[in-house]
Amino acid sequence: AQHLQQHRLIDAAALARRYPNARIVFSGGSNAVLADRITEAPFAVEELEALSVAHDRITAEEQSRNTIENAVFSRLIAQPKPGERWLLITSAYHMPRAILELHGALPEAVLTPYPVATDELDARHWWRTMAGARRMVIEYSKYMVILGREAVLGLGPKDRPAHATQLQPASR
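The sections below set out a description of the structure shown in this document. As the structure is a computational prediction, the values presented were derived from the model and not from experiment.

**Here we look at the overall build of the protein chain**
Regarding its fold elements, the protein chain presents five helices and four strands. Reading the protein chain from its N terminus to its C terminus gives the helix and strand order α-β-α-β-α-β-α-β-α. Residues counted as buried form 38% of the 172 residues belonging to the protein chain. Expressed as a percentage of contacts within the protein chain between residues at least 6 apart in sequence, the contacts between residues at least 24 apart total 73%. When the accessible surface of the protein chain is split by element, carbon and sulfur atoms take 57% of a total near 10400 Å².

**Notes on the side chain of Glu61**
Here Glu61 shows up in strand 2 (residues 58–61). According to the relative accessible area criterion, Glu61 is buried, its value standing at 4%. A polar atom in the side chain of Glu61 sits 2.5 Å from the backbone nitrogen of Gln63. Apart from residues lying up to four places away in sequence, Glu61 is in contact with Phe26, Ser27, Gly28, Gly29, Ala41, Asn70, Phe73 and Ile77.

**Structural notes on the pattern of salt bridges**
Applying the stated criterion across every chain, the model contains six salt bridges. Across the pair Glu84 and Arg23 runs a salt bridge whose closest N-O atoms are separated by 3.4 Å. In this pair, Glu84 sits in the loop between helix 3 (67–78) and strand 3 (85–91) while Arg23 sits in the loop between helix 1 (2–18) and strand 1 (24–27), placing the two residues 61 residues apart along the sequence. By relative accessible area, Arg23 is classed as partly exposed at 48%. Residue Arg97 is joined to Glu139 by a salt bridge in which the shortest nitrogen-to-oxygen separation is 2.8 Å. Taken together, the residues Arg97 in helix 4 (residues 95–105) and Glu139 in helix 5 (residues 130–153) connect sequence positions 42 residues apart. Assigned by exposure class, Arg97 and Glu139 land together as buried. Taken together, the shared-partner salt bridges in this structure form one network comprising Glu101, Arg149 and Glu150.

Conventions and cut-offs
- Residue numbering note: each chain is counted from 1, following its sequence as written.
- Selection of residues for local features in this predicted model requires a pLDDT of at least 70, selection of side-chain atom pairs for listing and counting requires 80 or more, and totals for whole chains, interfaces and linings are taken over all residues.
- In computing side-chain properties, one takes all heavy atoms of the structure into account and sets aside hydrogens as well as water.
- Helix and strand definitions here come from DSSP, where helices need a minimum of 4 consecutive H or I residues and strands a minimum of 2 consecutive E residues; each element is numbered from the N-terminal end.
- Buried means the residue's accessible area, taken with a 1.4 Å probe over protein chains only, is under 20% of the maximum for its type, while exposed means over 50%, and partly exposed covers the values in between.
- By definition, residues are in contact when any of their heavy atoms lie within 4.5 Å.
- All accessible areas in this document rest on Shrake-Rupley with a 1.4 Å probe, and a residue is counted as covered only by the protein chains that are shown.
- Two N or O atoms count as a polar contact when they lie within 3.5 Å, although within protein this holds only if one can serve as hydrogen donor and the other as acceptor, and sequence-adjacent residues are included solely when both atoms are side-chain atoms.
- The working definition used for a salt bridge is a side-chain nitrogen of Lys or Arg within 4 Å of a carboxyl oxygen of Asp or Glu.

Okay, here's the thing in structure tokens:
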């Protein structure tokens, strides 16, 4: 998990320097079923501090086991205000699904995706490796489940202003 988030944390630290008043909310627990599991959050806080982000700017959530819990638990700890801007930093391949979950959990927030290219998956040639193909098939399947859930249950924001989601190019 540490290696997978390295690029995301480097970019988060760079953005923290660029926007010195921004809060940093890191959401990352473990998908392990057992209670005594190692979570991503402590490692992320340590890495952000090593990248010169002040500890008091970082809020870490380590209970989540999946993307929807990342969104729900982030909302609970951050308590966003209506119209508050959120920058979502995650792997480029994961962004479509992550942004859908955040839209559902944070309907009052203005979300800006910040997709980060990773070494683990070549977005332009993902089908060339079995691992890349597997990851994308799983990610797309989960994305389709979310779309189906949203259609059936009517979850998520109903009227999102045009400026609510602004795509940023991958940073690498």
